[in-house]
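Each chain, letter by letter, is given below.
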Amino acid sequence: MMLTSGSCATGIREPCQVGNEAALSGISCVPQGSLDRVNCQGNVYGMRSKGGARIYHERMFEMVPMPEISASADERFMKEALRQAKKAYALKEVPIGCVIVYENEIIARGYNRRNTDKNTTSHAEINAIRRASKKLGDWRLEGCTIYITLEPCQMCAGAIVQSRITRAVIGSMNPKAGCAGSVLNLLEMAEFNHQVFVERGVLKEPCSTLLSGFFRELREQKKLLKEAVDE
């Protein structure tokens, strides 16, 4: 895709190929070094790269950084998300865990703490997104991959889109409430200005087993409590 650069004040734009900071040097209305993503209308979005290298992927009329992660790495990072889910389990929370990866390193972790924090928004994904934004110093998480043990709800799917996360890897799907392909698919809606690349079913069995085990124990506890009350 051929994009344009030039002075926004004059409206004069010349063709340029976006791929490094030099290509952005002609955009005079934007502070240099702070932003480096441009769409075909000349709008600029930010992404920081600690190593200085940028990888861009063309999609939906924008240049979007696409992480390059192997299948084995996906499983390794999902195992880390499962570790987070087990922390929720220990708190008697629904065991959902999440990690966010940038340039092949985990930059944020999160697990479900809704009951513990008495906060509706304290889901694994929201907690991880907050930490990732703090780590990178930007609300835009372009170039990041989020690993989630359970398909996100509508709130978390919306937050993933709003934070401009590039890729989502999901363990177990949630046919009753999932919004990444089950009930809805908010992550890949063409009507939105950002779409997420989605990989489903990574370590599906251990993710599903952890959840089913939790709910089985919960049912057993409720049954025992009811029997104790009846006596």
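Residues numbered from 1 in each chain as written. Predicted model: local features only at pLDDT ≥ 70, side-chain atom pairs only at ≥ 80, totals over all residues. Heavy atoms only, no water.

How do you make sense of helix 5 (residues 154-162) when you look at a structure like this?
For an α-helix the count is 3.6 residues per turn, leaving residues at separations of three or four pointing the same way. Residues C156, A157, A159, I160 and V161 constitute the buried set of helix 5. Of the surrounding elements, those touching the buried residues of helix 5 are helix 4 (124-136) and strand 9 (144-150). Note on helix 5: the residue one or two positions beyond its end, R164, has a positive phi of about 65°. (Buried < 20%, exposed > 50% of the residue type's maximum accessible area, 1.4 Å probe, protein only. Helix = DSSP H or I, 4+ residues; strand = E, 2+ residues; numbered from the N terminus. Contact = heavy atoms within 4.5 Å.)

Looking at this structure, I do not really get the packing of aromatic side chains. What am I missing?
Two numbers describe a pair of aromatic rings. These are the distance of the centres and the angle of the planes. One pass over the structure, following the stated rule, counts 3 aromatic pairs. With a centroid separation of 5.5 Å and 80° between ring planes, the pair formed by Y89 and F214 is classed as edge-to-face. With Y89 in helix 2 (residues 71-90) and F214 in helix 6 (residues 204-230), the pair connects residues that are 125 residues apart, well separated along the chain. Judged by relative accessible area, which is 23%, Y89 ranks as partly exposed. Between F214 and F215 the ring centres are 5.2 Å apart and the planes differ by 75°, which places this aromatic pair in the edge-to-face class. Cluster of aromatic residues (ring-pair linked, three or more members): Y89, F214 and F215. (Phe/Tyr/Trp six-rings, centres within 6.5 Å; stacked < 30°, edge-to-face > 60°.)

Would you mind showing me how to read unusual backbone geometry here?
Trans peptide bonds make up most of the peptide bonds, and negative phi angles are found at most residues other than glycine. Despite not being glycine, N104 shows a phi value in the positive range, around 65°. Here N104 lies in the loop between strand 7 (97-102) and strand 8 (105-111). Residue classification places N104 among the partly exposed residues on the basis of a relative accessible area of 44%. With a phi angle near 55°, L203 is a residue other than glycine that sits in the positive phi range. The topology assignment puts L203 in the loop between strand 11 (197-200) and helix 6. We classify L203 as buried; its relative accessible area is 18%.

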